[in-house]
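Commentary on secondary and tertiary structure
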Amino acid sequence: MVNNFMVFHDIVRDEPYDLWIGDEAWELDYYLHENPEEKRAAYVWMTDFVGWIPMHDGGDRERFLTTDYNAEMIEQIARYPRLRDRAIFVGNPDDIVSDPFGDDLPLISDWTKQHFDFSGYITGFDPAAFADREALRAELGYRHDETVCIITVGGSGVGGHLLRRVIEAFPIAKDRIPNLRMIAVAGPRIDPESLPTADGLEVRAYVHELYRHLAACDIAVVQGGLSTTMELTANRRPFLYFPLRHHFEQNFHVRHRLERYGAGRCMDYATATPETIADAIVAELSRNVDYRPVETDGAARAAERIAELL
C-alpha cells in the first residue's frame, strides 16, 4: 500500500491535475487522510461497499482487527471531513448491510447514509442493447435450440477448484438437459490444459466482452464477485454464485445486495457436490426470473456529481 501511494504521489507531484478519482483506492484514501497536506486537487472517493466485517469463524482476533480498522477509518473521516470532496457509493441506500462497524461503533448503514452520495449501480452497459437475445445469440454463435451455460470465475487463479467441480457436474446435468452446452472460461491465471475434459464441454482461455455472452446465455455459474453477478442481474439471467469462503465482501456485502434484488442462487462450495450443482442448474433454468430492475442511469448520476468539481 505504501509503494502504491508513493507511485501516485510522484505522478501528482510531477504534473498538476484538476481531479483525482479513487475507485476503491484504499491506499490513496488512507495515506491522504494520514497526510492531508498532500491533497492538492479535488478528490472523489468511490466504492460499492463500506465496512470490514469479520467472518463467523474468525474468532475474537478477527473481530478485534476489523473493529479497529473500521474505527480508524471513521476517525479519519471525522478528523478531515473535507478531504473527500465527493464520496460516492455505487449503489443505493438499501444495498448497505445493517451490521455495526464493531462494538461501540455505529451501524454501517446509518454512517454510510450520512457520509456518501448514492449513484445507483453502474453496469457499464445498457441492458436494453441486449433486448433482442435471439439476435445477440446468433451474433455470438449460439443456436436457438441449445441451452447455454457459462462458467466463469474472474481473473484470479483461485477459481480453478470451482471450475473443476462444475465441469464434473456437466455430464450429470447434460443427462437431464440433452441440449446443454457448457463453456468454461479459464481466465488469465488458470491453464485451460489443467482443466478436465468432457464430451460437449468447451474451455476458453479468454472471451472478449464476456458480459455480452453472459447476456446471451441461459444460465451462468460464477464466483460471488459483485461486477459479474450484477451484470447477470441487470440482464435478468439465472445464475448460481459461490462466494469465496473467507471473502467477507462476497459473503456479506455482495450477498446482501443480490438478495435485495432477488437475484441468483447462493451456493456453498464446501458442501456442493457435482450432483447438487447439476440439480441447481436444472432448477434455476426452470425458475421464473423476477429480479428487481437494475437502474441504468448510475453512471450519469455519478458523473453529474463529479463534474461539479471541475
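Predicted model, so just to flag it, every value in this text is computed and none were measured.

Description of the packing of helix 6 (residues 160–176) against helix 10 (residues 274–285)
- Two elements in contact, helix 6 and helix 10, have axes whose closest approach is 8 Å; the angle formed by their N-to-C orientations is 55°. Accordingly, the angle class assigned to the pair helix 6 and helix 10 is oblique. The hand of the helix 6/helix 10 crossing is right-handed. Each of Arg165, Val166, Glu168, Ala169, Ile172, Ala173 and Arg176 in helix 6 lies in contact with helix 10, whose residues at this interface are Pro274, Glu275, Ile277, Ala278, Asp279 and Val282.
- When its residues are assigned to classes, the contact of helix 6 with helix 10 shows 8 nonpolar, no polar and 5 charged.

Some points on the packing of aromatic side chains
- As enumerated under the stated definition, the model contains 19 aromatic pairs in all.
- Relative to Tyr31, the ring of Phe5 lies with its centre 5.6 Å away and its plane at 45°, an arrangement referred to as tilted. In this pair, Phe5 sits in helix 1 (residues 2–14) while Tyr31 sits in helix 2 (residues 26–34), placing the two residues 26 residues apart along the sequence.
- Note on Phe239 and Tyr241: the rings are 6.0 Å apart at their centroids and 45° apart in plane angle, and the pair reads as tilted.
- Above the plane of the ring of Tyr261 lies Arg260, whose end atom (NZ or CZ) is 4.9 Å from the centre.

Quick look at the nonpolar core
- By size, the foremost hydrophobic cluster in this structure holds 38 residues, and its most contacted members are Met46, Tyr142, Ile150, Ala220, Met230, Phe239 and Leu258.
- Of the residues forming this core, the biggest block, 4 residues, is contributed by helix 8 (residues 226–234).
- Here Met230 is in contact with Tyr121, Arg257, Leu258, Tyr261 and Val294, once residues within four sequence places are set aside.

As for empty space enclosed by the protein
- Evaluation of the coordinates by the stated rule reveals 2 cavities of 30 Å³ or more.
- Considered as a void within the structure, the largest cavity measures approximately 220 Å³ in volume.
- Forming the walls of the largest cavity are 17 residues, and the residues nearest its centre are Trp26, Asp29, Trp52, Met73 and Arg84.
- Residue assignment for the lining of the largest cavity shows that the elements contributing at least two residues are helix 2, strand 2 (42–47) and helix 3 (59–79).
- The element that contributes the greatest number of residues to the lining of the largest cavity is helix 3, accounting for 5 residues.
- Residues of the lining of the largest cavity, tallied by class, amount to 10 nonpolar, 4 polar and 3 charged.
- In this model, the second largest cavity occupies a volume close to 40 Å³.
- In terms of lining residues, the second largest cavity is bounded by Asp48, Phe49, Asp95, Leu226, Glu249, His253, Val254 and Arg257.
- For the lining of the second largest cavity, a count of residues per class yields 3 nonpolar, 1 polar and 4 charged.

Description of the sheet that holds strand 5 (residues 147–152)
- Here 6 strands make up an open sheet; going across it, the order is 7-6-5-8-9-10 and the pairing parallel. Where the open sheet ends on each side, the last strands, each with one partner, are strand 7 (201–204) and strand 10 (265–266).
- One ladder, built from 4 bridges, connects strand 8 (residues 219–223) with strand 9 (residues 239–242); its direction is parallel. In the sheet register, Val221 faces strand 9, and the bridge partner there is Leu240.

Points about helix 3
- Helix length check: helix 3 (21 residues) gives 30 Å between terminal C-alpha atoms against 30 Å at 1.5 Å per residue, within 8%.
- Those residues of helix 3 lying buried are Thr66, Asn70, Ala71, Met73, Ile74, Gln76 and Ile77.
- Those residues of helix 3 that are buried are in contact with helix 2 and helix 4 (108–115).

Quick word on the pairing of strand 2
- Taken across its 6 residues, strand 2 has 6 buried, putting it largely inside the fold.
- Burial along strand 2 is two-sided: Ala42, Val44 and Met46 and Tyr43, Trp45 and Thr47, pointing in opposite directions, are all buried.
- Bridge count between strand 1 (residues 19–23) and strand 2: 5 bridges; the pairing is parallel. Across the sheet, the residue bridging to Ile21 is Val44, located in strand 2.
- Viewed along the sheet, the connection from strand 1 through helix 2 into strand 2 turns out right-handed.
- Across 4 bridges, the pairing between strand 2 and strand 3 (residues 86–89) is parallel. What sits directly across from Met46, in strand 3, is Ile88.
- Remark: the strand 2/helix 3/strand 3 crossover connection has right-handed handedness.

Calculation notes
Residues numbered from 1 in each chain as written. Predicted model: local features only at pLDDT ≥ 70, side-chain atom pairs only at ≥ 80, totals over all residues. Heavy atoms only, no water. Axes fitted to C-alpha atoms, helices over the stretch in contact; angles between N-to-C directions. Helix = DSSP H or I, 4+ residues; strand = E, 2+ residues; numbered from the N terminus. Parallel < 35°, antiparallel > 145°, perpendicular 65-115°, else oblique. Left-handed = near helix turned anticlockwise from the far one by under 90°. Contact = heavy atoms within 4.5 Å. Nonpolar A, V, L, I, M, F, W, Y, C, P; charged D, E, K, R; others polar. Phe/Tyr/Trp six-rings, centres within 6.5 Å; stacked < 30°, edge-to-face > 60°. Lys NZ or Arg CZ within 6 Å of the ring centre and 35° of its normal. Core = buried A, V, L, I, M, F, W, Y, C linked by side-chain atoms within 4.5 Å. Buried < 20%, exposed > 50% of the residue type's maximum accessible area, 1.4 Å probe, protein only. 1 Å grid on protein atoms, 1.4 Å probe; cavity = no way out; pocket = protein on both sides within 12 Å on 5 of 7 lines; lining within 4 Å. Points joined across faces, edges and corners; volume = space filled by probe spheres on them. Pairing = 2+ DSSP bridges. Expected span 1.5 Å × (residues − 1). Right-handed = clockwise from strand over helix to strand, strands pointing away.

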